[in-house]
Structures are given as C-alpha cells and as structure tokens.
Amino acid sequence: MSAVPTITEVRARSVLAPLSRPLRTASGSIPAAPLLLLDVRTDADVVGHAWLFGYAAETLAPMAALVEEITPALVGQPLVPVQRMRDFEARFRLLGMQGLLGMVVAGIDMALWDALGKVLDQPVATLLGGAPVALRAYDSFGMVDPVKDEAVLRKSVDSGFTGIKIKLGYPDLAQDVGITSGVREIIGPDVELMVDFNQSLDPPEACRRIQRLEEFNLYWVEEPVAAADLAGHALIRRRTGARVQTGENWWFPRGLQAAISASACDFAMLDIMKIGGVTGWMGAAGLAEGASLPVSSHLFVEASAHTLAVTPTAHWLEYLDLAGPVLTNPCRPVDGYVTAAGPGLGITWNEPAIAEFAA
C-alpha cells in the first residue's frame with residue numbers, strides 16, 4: 001500500500017433480523033434483532049462493514065441520524081482507526097461518549113478496522129498483532145422452559161458446547177430454582193452453567209436467590225443488580241461467594257476501570273459496541289490484564305472473535321447469533337469453538353436478505 005486510503009462515504013441501513021430463538025429476558029423480550037448496518041467506503045475501492053444492535057427498533061432512526069451528522073467530519077480523513085477515535089474523543093469531550101452516540105462511534109470504529117483489514121488483506125486479529133484462533137464458546141439462551149426447550153438444550157450440548165447460559169429473574173425464587181434445576185439435569189454435571197439476571201434484582205434479593213442456587217454449581221452469576229450499581233455487585237461477591245460476571249454495559253475502558261476499583265466482579269464481559277469498538281476493546285484488554293481479570297465477549301460474534309483472540313486474559317466467547325440472517329458468511333461454532341474470519345472482520349452482507357428485512 002503506497003498511501004493510506006481515505007474515507008469517502010459512510011452509510012447506515014436499518015434491518016429487523018429474525019431470531020431463530022426469540023430472546024426472553026427479565027427486562028423484556030426481543031422477538032427480532034434491530035440492527036444498524038454500517039458501510040464505510042474508501043478511495044481504495046474497499047468498503048468496511050460493521051453492525052450495531054439497537055435493542056429496540058425505536059433506536060434505529062436516531063442512530064442513523066447520528067451517522068449522517070458525523071459523516072462530514074470523516075470524509076476525506078485517512079483510514080486510521082485509532083486516530084479517528086482520538087478525534088471523536090476530542091469532539092465529544094464535553095458531551096461524553098455513551099448511549100446512542102457511543103454506540104455509533106464504536107460501530108464506525110469497527111467498520112474502519114474492517115476496511116483496513118480488507119485493504120491489507122489481513123484479519124483484524126492479525127493487524128492487532130495476533131491471529132485468528134479457536135475460542136471456547138458458550139451457547140447463550142434467553143429464559144427457557146426445561147420441558148419445552150429440552151431438545152434444543154440437548155442439541156447445544158451434543159454439538160460440542162461446554163458452557164450454557166440461561167436468563168433468570170422470574171417473579172419468584174421458586175421459578176428460578178425450578179428452571180435452573182431442570183436445565184442442570186438436562187445438560188449434566190460436566191457442562192458449565194451460567195445464569196444472567198439482567199439487572200432484575202436488588203442486592204438483598206440477589207443474595208437470597210444466589211445462595212439458594214448454590215447447589216447447581218453455577219459457573220457465574222451475571223448482572224444480578226443494576227449494571228451501574230458497582231457497590232451492589234461488590235456486596236454480592238462478599239456475602240455469597242458467587243463469581244460475579246458483569247461488564248456488557250460499561251461505556252469505554254473507563255467503565256471497566258471503575259469496576260476494577262470497586263472490586264465489583266470476578267469476570268469482565270466486554271461489549272464491543274459499548275466499550276468503544278476495536279480500539280476501545282484493546283484499551284480495556286490492557287486494563288483487564290493488569291487486574292488479572294478474565295475477559296469474555298458480549299454478542300457481536302464476528303468482531304469479538306478477533307479482539308478476544310488477542311486479549312491476554314481471554315475467557316469465553318458468547319455465541320448468540322444476531323446478524324447471521326443478513327450475512328453471507330455468519331461465524332458458526334465448530335465443536336463448541338468459534339474462530340474469527342477475514343479479511344477485516346470477515347463481514348459481508350447478504351443484500352437480498354437486507355432488502356427483505358429492511359426497517
């Protein structure tokens with residue numbers, strides 16, 4: 001490459017991607033995935049791709065509008081993701097980068113890295129100094145019914161997954177116990193069982209439920225209380241001895257640093273869309289290494305498989321396929337492991353599907 005390519009266009013498109021397993025959580029249900037698809041075009045005739053998960057369809061139009069407003073400052077700039085992130089930090093210092101703005105900035109960062117990898121014909125993991133490797137994955141479920149969902153749970157274990165995560169946070173403790181007991185019976189004692197309360201409890205109730213669930217040998221308890229309640233997470237660790245997982249709602253690396261300072265968790269779960277894209281993830285990975293904190297991924301299988309591959313304290317990759325219906329080559333597990341694809345992030349769009357699911 002004789003010269004660094006420049007950015008010529010940024011485009012956003014909205015889709016509602018169907019989910020093979022509609023996601024039920026204690027905080028609400030998601031029947032289809034509201035995704036914002038990003039395209040960053042360069043003068044090297046290369047287009048970088050990334051996608052954002054809006055959680056609710058109502059977020060798609062505001063995010064698309066933010067992309068449109070941000071684009072003029074990007075056009076004509078070199079394809080240098082780290083410097084572009086520094087520019088964003090300076091531009092939005094007074095406002096702060098969180099919420100929809102932080103998500104859009106992270107998405108653009110991911111698309112820039114994807115474009116750079118395509119220009120150099122290398123996977124992003126290689127650009128970051130590593131290489132795609134097979135990462136241990138767990139199969140991520142929503143709220144399940146051990147009777148109705150027995151077949152799909154057994155299929156997951158039979159396919160090679162050595163970890164299963166389910167959502168809890170039912171109206172009463174007896175339901176949480178019954179569901180956990182039923183799932184443990186199905187998957188057996190040798191498969192790790194994680195549970196996610198999706199921020200549905202207060203600290204006293206979380207302690208009560210976690211202590212009752214000890215007999216099921218839970219690998220971790222995820223977000224038992226509000227994500228921002230770092231003191232509550234720390235209290236639960238002290239009172240129950242449970243291994244607490246949190247992090248999917250941290251904004252940029254400073255969110256991780258605050259959790260480390262509060263002794264809020266045993267494990268860190270980075271969401272590449274909220275932690276600041278590829279650039280933000282690498283900063284967070286360094287903090288986690290310094291704290292000896294194991295790092296897992298949240299959603300975004302395609303991109304996370306690259307960043308987790310070069311994370312010193314890499315732990316588990318969450319397998320939950322949100323974008324597969326609009327990709328030509330979705331990242332699929334093999335015997336319970338996921339390996340990043342390239343060049344770039346390995347993302348290519350299925351244009352007929354995008355047209356079909358356009359929102």
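Residues numbered from 1 in each chain as written. Predicted model: local features only at pLDDT ≥ 70, side-chain atom pairs only at ≥ 80, totals over all residues. Heavy atoms only, no water.

## Remarks on the sheet that holds strand S1 (residues 7-25)
Stated precisely, the cut-off is as follows: DSSP bridges decide pairing: two strands pair if at least two such bridges lie between them. Going along the chain from the N terminus, every DSSP run of H or I of four or more residues is numbered as a helix, and every run of E of two or more is numbered as a strand. For helices, the fitted axis covers only the stretch in contact; all axes are lines through C-alpha atoms, and the angles between them, taken along N-to-C directions, range from 0 to 180 degrees. The contact criterion used throughout is that any non-hydrogen atoms of two residues lie within 4.5 Å.
Taken together, the 3 strands give an open sheet; going across it, the order is S1-S2-S3, and neighbouring strands pair in antiparallel fashion. Unpaired on one side and paired on the other, S1 and strand S3 (47-53) mark the two borders of the sheet. Shown here is a sheet whose adjacent strand axes are inclined to one another by a mean of 20°, direction ignored. Most of the contacts of helix H1 (residues 60-74) go to S1, to which it runs at about 155°, and overall it touches S1, strand S2 (28-42) and S3.

## Re the nonpolar core
What counts, and what does not: We define the nonpolar core as a collection of buried residues of types Ala, Val, Leu, Ile, Met, Phe, Trp, Tyr and Cys that are connected through side-chain atoms lying within 4.5 Å of one another. A simple rule labels every residue: compare its accessible area, found with a 1.4 Å probe on the protein chains alone, to the largest value its type can have, and call it buried under 20%, exposed over 50%, or partly exposed in between.
Core analysis: the biggest nonpolar cluster contains 86 residues, and Leu35, Trp51, Phe53 and Trp250 have the highest contact counts within it. For this core, the element with the highest residue contribution is helix H3 (residues 99-120), accounting for 11 residues. Residues in contact with Trp250, not counting those within four places in the same chain, are Leu230, Gly255, Leu256, Ala259, Cys265, Ala268, Leu270, Lys274 and Ile275. By size, the runner-up hydrophobic cluster in this structure holds 31 residues, among which are Leu168, Val191, Val195 and Val244.

## Brief notes about unusual backbone geometry
The residue after Gly342, namely Pro343, is reached through a cis peptide bond having omega -5°. Tracing the backbone shows Pro343 in the loop between strand S12 (337-338) and helix H12 (351-356). One non-glycine residue, Gln199, lies in positive phi territory at about 65°. Residue position: Gln199 is located in the loop between strand S6 (192-196) and helix H7 (203-212). Judged by its relative accessible area of 34%, Gln199 is partly exposed. A positive phi angle, close to 35°, is found at Glu223, a residue other than glycine.

## As for the side chain of Gln245
To keep things clear, this is the line we draw: Any pair of nitrogen or oxygen atoms within 3.5 Å is treated as a polar contact; in protein, a donor-acceptor pairing is required on top of that, and neighbouring residues in sequence qualify only through side-chain atoms on both sides.
Within the secondary structure, Gln245 sits in strand S8 (residues 244-246). Judged by its relative accessible area of 0%, Gln245 is buried. In this structure the side chain of Gln245 is engaged in a polar contact, spanning 3.1 Å, whose partner is the backbone nitrogen of Met269. If near-sequence neighbours (up to four positions away) are discounted, Gln245 is found in contact with Trp220, Val221, Glu222, Glu223, Phe267, Ala268, Met269 and Ser296.

## Side note on the packing of H7 against helix H8 (residues 230-240)
Quick note on the threshold: Note on convention: the crossing is left-handed when the near helix lies turned anticlockwise from the far helix by less than a right angle, right-handed when the turn is clockwise. Residues are sorted three ways: Asp, Glu, Lys and Arg are charged, Ala, Val, Leu, Ile, Met, Phe, Trp, Tyr, Cys and Pro are nonpolar, and all the rest, Gly among them, are polar.
Direction vectors running N to C along H7 and H8 enclose 35°, while the axes themselves pass 10 Å from each other. The crossing of H7 and H8 is right-handed. Each of Pro203, Ala206, Cys207, Ile210 and Gln211 in H7 lies in contact with H8, whose residues at this interface are Gly232, Leu235, Ile236, Arg239 and Thr240. For the contact of H7 with H8, the class distribution of residues is 6 nonpolar, 3 polar and 1 charged.

## Re the state of the cysteines
To be explicit about the condition: Throughout, disulfides are identified as pairs of cysteine sulfur atoms within 2.5 Å of each other.
Inspection of every chain in the model, using the stated rule, returns 0 disulfides. The thiol of Cys207 is not disulfide-bonded; the next cysteine sulfur, from Cys265, is found 16 Å away. By relative accessible area, which is 6% here, Cys207 ends up buried.

## Examining H8
Those residues of H8 lying buried are Leu230, Gly232, His233, Ala234, Leu235, Ile236 and Thr240. Taken together, the buried residues of H8 touch H7, S8 and helix H9 (252-261). Just beyond H8, the residue with positive phi is Gly241, at close to 75°.

## Digging into the packing of helix H6 (residues 173-187) against H7
The contact between H6 and H7 brings their axes to 10 Å, and the two run at 35°. For the pair H6 and H7, the sense of crossing is right-handed. In this structure, H6 uses Leu173, Asp176 and Val177 to contact H7, whose residues at the interface are Arg208, Arg209 and Arg212. A per-class count over the contact of H6 with H7 returns 2 nonpolar, no polar and 4 charged.

## Concerning the packing of aromatic side chains
Quick note on the threshold: Working definition: a ring pair exists when centres of Phe, Tyr or Trp rings (six-membered ring for Trp) sit within 6.5 Å. Plane angles under 30 degrees give stacked, over 60 give edge-to-face, the rest tilted. Only when the NZ atom of a Lys or the CZ atom of an Arg is both within 6 Å of the ring centre and within 35 degrees of the ring normal do we say a charge sits over the ring.
Applying the stated criterion across every chain, the model contains 10 aromatic pairs. Seen in terms of ring centroids, Tyr138 and Trp220 are 5.5 Å apart; in terms of plane orientation they differ by 85°. Their pairing is edge-to-face. Of this pair, Tyr138 sits in strand S4 (residues 135-140) while Trp220 sits in strand S7 (residues 218-222), and the two are 82 residues apart along the sequence. You can call Trp220 buried: its relative accessible area is 0%. Each member of the aromatic cluster is reached from another via a ring pair, and the members are Tyr138, Tyr219, Trp220, Phe267 and Trp316. Taking NZ or CZ as reference, Arg21 lies 3.7 Å from the ring centre of Phe141, over its face. The ring of Trp316 has Arg136 lying over it, and the distance from NZ or CZ to the ring centre is 3.7 Å.

## Concerning the pairing of S4
We count it as follows: When the strands point away from the viewer, a crossover counts as right-handed if the route from the first strand across the helix to the second turns clockwise.
Burial within S4 is extensive, with 5 of its 6 residues counted as buried. With 2 bridges connecting them, S4 and S12 associate as antiparallel partners. Within S12, the position partnered with Arg136 by the bridge is Tyr337. Sheet analysis places S4 next to strand S5 (residues 163-167), joined by 2 bridges and oriented parallel. Within S5, the position partnered with Ser140 by the bridge is Lys165. Once the chain exits S4 it traverses helix H5 (residues 150-158) before rejoining the sheet at S5, and the crossover so formed is right-handed.

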